[in-house]
Amino acid sequence: MRGSTDRLPWPIPNGPDQRRTLVDVVLAALPTALAVALGVVPLLSLVVESVSPPVTLSNYAALSESVYLTVLVRSLGIGVVITGACLAIAYPVTYWLAHACPPRYRLPVLVSFTLPLWLNYVVLNYTWVWILATDGIVNTVLTAGGVVDRPLDLLRTASGAGIGPIELPGPSLGLGFVHIYLPYVLLTMYVSMERLDYRQVEAARDLGAGSLRVFVDIVVPETYAGAIAGTLIVYARIAGAFATPQILASPSEQMIAQIITTQFYDVLDYPFAAALSVVFLLVVVVGFGIGALSTDVRAELKRW
Amino acid sequence: MVKTVGRNSERSGATDRLRRGAAAAVRGGFFRITVVATALFLYLPVVVVGYLSLSPGSQPSIPLDGATLRWYVAVLSDARFVRGLVTSGVIGVVAAVTGTGLGLLAARTIVRARLPRWLRAFVGVVVAIPLFIPTVVVALGIGITAGQVGLGFGLWPVVAGHLYWVLPFSTFLIASRYATIDGRMTEVARDLGADGITTFRTITLPQLWPALVASVLFAFALSFNEFLLTFFLAGSGMTTMPLEIYGKVRIGATSFLNAASVLVLLFSGAVAAVAASLEPPT
C-alpha cells in the first residue's frame, strides 16, 4: 500500500519538488472537500439540529421513553444476531473457497457469491415475500407434501424468542438481512482466508488436531481481521436498516431507522429525528472504537 | 516433536490413516454442503421470482398455469417506471463518472501523494466514513444540511448523496490497483523531462485503466440501486427506479413487480459482472 516514492534512492531537486507537493495538495483537496461537505458537515449539523430550538436537551430527554429504548436495543441486538449469522456462514464457505476449491472455479464462485452486493436490496428483500408468504413457495410445497395442514406464518412474523436483551428476528426478517449482507462478509473474509497459510492447517492436522482445534487455534486467529472488517461494514447497516424491516419485519419488530424516518418524513420533527440519529450513531461508534484502533484491522480495511 | 509424531504414525499405521481419511471426507462433505446451500440461498429466491414473473395472471398462483412475457411488456410500457429507470440511469452515470474521477484523486492522494502520512490517512478516513456509519444517519444528515443551505430536496441533493456514497468504493478499488504500479517508473519519466500530465497519461493511466472502468461500472450499479439516500433526499418532485419498486412492494406482490424485479436484477447483474471481469473483487 505504501507509495514507493516515499524514499527515493536519489535526491530530488528542491524547486520542482515544492511545485509537485502543491499539485498534490490541490488534487487531494477536491475529493476531501466533497467528503467533508457531505460527511463531516452533515454529522455536525445533525448534532446542532438535535439540540434546537435554541439550545435544549428536551429532544434527548424524550428519548428516554421506554418505547425508543426498546427499539434501539432491538436494532442493536438484531445487528449482533445477523452479523453473527453472516460470519458463521462465511467461515466455512470462504475456507472452502480459498483452500479446497479447484483454482479454476475459484474466481467464478467468488464473483457469483459477491454479485448480490451490486444488486438492488429492495428487490432482493422482496423476493423473500414469494418464498415465505402463506401462498408462497415454501408453504405450497409443505401443504402439497402433506407436511403441514395449514400454511405456516413465516412472513412478517416475530420470532418471540431471545437471549437476554437480544431479540431473535423473525424468519423473513432474518433471512432477508442475511441475504443482502452475507456477500459483504464473504468478500472481507475471503481476503483474509486467502492469506491463511494452508501449511499451518496441515501441520496442525499432522500433529493430531481435530477440526474444532484447527478452527479455534489456527483459522480464527489468522483471519480475525477479515471478520472484524466484515463486522465493521455490515453491523451499522443492519442495525440501521430501513427497507428490510419495512418489507419483511412484523409490526412488533420495529427498528430504529423506521422511527427516524417516520420523524423525518411524516411527523417532520427534525430535531427529534436528529437526536435519535446522534444517539444511535454514538452507540455504534463507541462499539466500533475498539476494533478500529487495531492496526491489523486498519490494514485489512485498506486492502478491502 | 517431529520424532514423536514419526513414532506415533508408525505405531498406529493403517487404522490411523483410515480414520484421518474418513475425517477428511466428512470435512469435505460439510464444506461442500455449506457452499451449495449458500449458493442456493443467494440465488433461489431470484429464480423463484423469475419463474413467477411469467405468470399469465396479475397475481401468480403456484404452480403457474401457463407462461407469458406480457408483464415484461407492461413494465417497459409503464410511463412512471420507465421515467424512474431513466432518472436512475442518468444519476448513476453522473455519480459513477464523477465519483470515479474523484476516487482517482483520492486514491492518488492515499497511495502516492508527497504529503505527510497523517494527512493521507486523514483523507482515507474521511472518504471511508459512509462505509461504517448507518446509511440512515448519512441520509438524515445530508437531508437536514441540504435544507439549511437552501438546496432543499430534489435532483441535486440526490446526485450529491450518491456521489458521496460511491466515493469510498471507487477510491479503494482504484487505490488497490494504484498501489501495484511501480512508483519508480513515474519518477524516471519525470527525470527524462516529462511533465506531470504526460507522465500520468503515458505511464499511470494505461495501468489503471481496467480499475477505472470497473470503478465506473460498480459505482453505476451502486447508485442505480441505492434506495435509502434517495428516499430521504428526493422530495416529492422526482422518482427513481428503486423508489418506484419500493412503493409497489409496499402495496403488494404482483406479477408486474416480479417482472420489474427481474429486469432490474438482470441489468445490475450484467453491469457488475462486466466490472468484476475487469477487476476481480479482491
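How each quantity is defined
- Each chain carries its own residue numbering, running from 1 in the written order of its sequence.
- Labels follow written order: the first chain is A, the first ligand is 1, and so on.
- Predicted model: local features are reported for residues with pLDDT of at least 70 only, side-chain atom pairs are reported and counted for 80 or more only, and whole-chain, interface and lining totals are derived from all residues.
- Derived side-chain values reflect all non-hydrogen atoms in the structure, with water molecules and hydrogen atoms excluded from consideration.
- UniProt positions are given in the numbering used here, feature names are shortened, and annotations may be inferred rather than shown by experiment.
- Buried Ala, Val, Leu, Ile, Met, Phe, Trp, Tyr and Cys residues that are joined via side-chain atoms within 4.5 Å together make up what is termed a nonpolar core.
- Residue exposure (1.4 Å probe, protein chains only): buried if accessible area is under 20% of the type maximum, exposed if over 50%, otherwise partly exposed.
- Numbered from the N terminus, helices here are DSSP runs of H or I no shorter than four residues, and strands are runs of E no shorter than two.
- Between two residues, a contact is recorded if the distance between any of their heavy atoms is within 4.5 Å.
- Residue ranges for the domains trace back to a domain assignment, done automatically or taken from a database.
- Accessible surface is computed with a 1.4 Å probe, and the buried area is the amount of it that two parts give up when combined, taken over both parts together.
- A pair is scored as a salt bridge if a Lys or Arg side-chain nitrogen falls within 4 Å of a carboxyl oxygen belonging to Asp or Glu.
- Any pair of N or O atoms that falls within 3.5 Å is considered a polar contact. Within protein, one atom must be able to donate a hydrogen and the other to accept it, and sequence-neighbouring residues count only if both atoms are side-chain atoms.
- Residues are grouped as follows: Ala, Val, Leu, Ile, Met, Phe, Trp, Tyr, Cys and Pro are nonpolar; Asp, Glu, Lys and Arg are charged; all remaining types, including Gly, are polar.

Labelled according to an unreviewed UniProt entry, chain B appears under the name Spermidine/putrescine ABC transporter permease, originating from Halobellus salinus. According to the UniProt record, the Sequence similarities (unreviewed entry) comment for chain B is "Belongs to the binding-protein-dependent transport system permease family. CysTW subfamily." Turning to chain B, the UniProt annotation filed under Subcellular location (unreviewed entry) states: "Cell membrane".

With an unreviewed UniProt entry as reference, chain A is termed ABC transmembrane type-1 domain-containing protein, source organism Halobellus salinus. The annotation that UniProt attaches to chain A under Subcellular location (unreviewed entry) is "Cell membrane". You can read under Sequence similarities (unreviewed entry) in the UniProt record for chain A the words "Belongs to the binding-protein-dependent transport system permease family. CysTW subfamily."

Caption draft 1: Broad picture of the nonpolar core. Within the largest apolar cluster, 166 residues are counted, with the highest numbers of intra-cluster contacts made by F177 of chain A together with F227, F232 and I245 of chain B. The greatest single-element share of this core, amounting to 15 residues, is contributed by helix α3 (residues 66-99) of chain A. In this view, I245 of chain B contacts V122 and V123 of chain A together with F81, L257 and V264 of chain B; residues no more than four positions away in its chain are not counted. The next biggest cluster of nonpolar side chains, apart from the first, holds nine residues, and it includes A107, I174, A175 and Y178 of chain B.

Caption draft 2: Broad picture of the domain arrangement of chain A. Residues and elements named next belong to chain A. Splitting chain A by domain gives domain 1 (79-251) and domain 2 (255-303). With centres defined by C-alpha atoms, the gap from domain 1 to domain 2 works out at 22 Å. Contacts between the two partners involve 22 residues from domain 1, matched on the other side by 14 residues from domain 2. Where domain 1 abuts domain 2, roughly 1,500 Å² becomes buried across the two surfaces, and 73% of that area is made up of carbon and sulfur atoms. If you look at where domain 1 meets domain 2, you find zero salt bridges. Linking domain 1 to domain 2 there are one residue pair in polar contact (both at pLDDT 80 or more). Looking at the side of domain 1 that touches domain 2, the elements with two or more residues in it are α7 (171-195), α9 (211-239) and α10 (243-248). Classifying every residue of the side of domain 1 that touches domain 2 gives 15 nonpolar, six polar and one charged.

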